Amino acid sequence: MQARISIIGVLLAALCFFGGAMAQGEDFELEEMDRPMPSRVEHRKPGPKIPDLTEEQEEQMQTLRTDHLKTILPMRNELAEMNARLQTLSTADNADMSQINGLIEEMSTIKMQMMKAGAAHRQEIRKLLTDEQRVVFDSHRPGPKRRPPRRR
């Protein structure tokens, strides 16, 4: 009886081990693990791929982007702090709705400023482009990308 239990235990352990290895997929290779992951900056520049950009256009766009990010970063940071404060206020035992509503209004003001800055930035970029390049740029929808849900 004791021998049967130990044999069953060994078989179950082997099944779990080999089943987990097979769940990795048939195309899993150890060489893939040795390859360095490409960084996001190296393989893709931000924004749409605009054809036939001159070196001068690229430099001007990079300068505009850097200035825009310097403007937006403090607003993003402040918005993140306000989100944390809103979470704290919302989960309090005795939530003060006047404080919550006031904070929501402040947050919407910052979001409005960010949207206005983004719209102005896009118009500055458009001024640098030719008509053909502008068509490609305008066809790109600004805002956060919708990503497909992760598989588990």
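Here's what I pulled together on the structure shown here. Just so it is clear, the model here is predicted, and its values are computed rather than measured. Starting from 1, residues in each chain are numbered consecutively following that chain's sequence as written. Local features in a predicted model are, by the rule used here, given only for residues with pLDDT of at least 70; side-chain atom pairs are given and counted only at 80 or more, and totals for whole chains, interfaces and linings are based on all residues. Hydrogens are left out, water is left out, and the side-chain values use all remaining heavy atoms of the structure.

Between the first and last C-alpha of helix α5 (residues 97-128) there are 47 Å, a value that for 32 residues agrees with the 46 Å anticipated at 1.5 Å per step. For the exposure calls, accessible area comes from a 1.4 Å probe over protein chains only, and a residue counts as buried if that area is under 20% of its type's maximum, exposed if over 50%, partly exposed in between. Strands here are runs of E lasting at least two residues and helices are runs of H or I lasting at least four, both read from the DSSP assignment and numbered beginning at the N terminus. Of all the residues in α5, the buried ones are I100, L103, M107, I110, M114, A117, G118, H121 and I125. If you follow the buried residues of α5, they end up packed against α4 (55-90) and α6 (131-139). To estimate the expected span of a helix, subtract one from its residue number and multiply by 1.5 Å. Between two residues, a contact is recorded if the distance between any of their heavy atoms is within 4.5 Å.

Moving on, we get to the pattern of salt bridges. Every case where a carboxyl oxygen of Asp or Glu lies within 4 Å of a side-chain nitrogen of Lys or Arg is listed as a salt bridge. With the rule as written, the count across this model stands at 3 salt bridges. A salt bridge links R126 to D138, with the shortest nitrogen-to-oxygen separation between them at 2.8 Å. Of the two residues, R126 is situated in helix α5 and D138 in helix α6; the sequence distance between them amounts to 12 residues. You can call R126 partly exposed: its relative accessible area is 24%.

One can find H68 in helix α4. In contact with H68, other than residues within four places in its own chain, are A117, G118 and H121.

This next bit is on α4. Given a rise of 1.5 Å per residue, 36 residues ought to cover 52 Å, and the 50 Å separating the end C-alpha atoms of α4 matches this to within 8%. At I72, α4 shows its largest kink, close to 30 degrees, and the proline P74 lies no more than four residues downstream. Taken together, the buried positions of α4 are occupied by Q57, M61, H68, I72, M75, L79, M82, L86 and L89. Summarising the contacts, the buried residues of α4 are in contact with α5 and α6. Bend is the name given here to the angle between axes fitted to two runs of seven residues, the run ending at a residue and the run starting at it.

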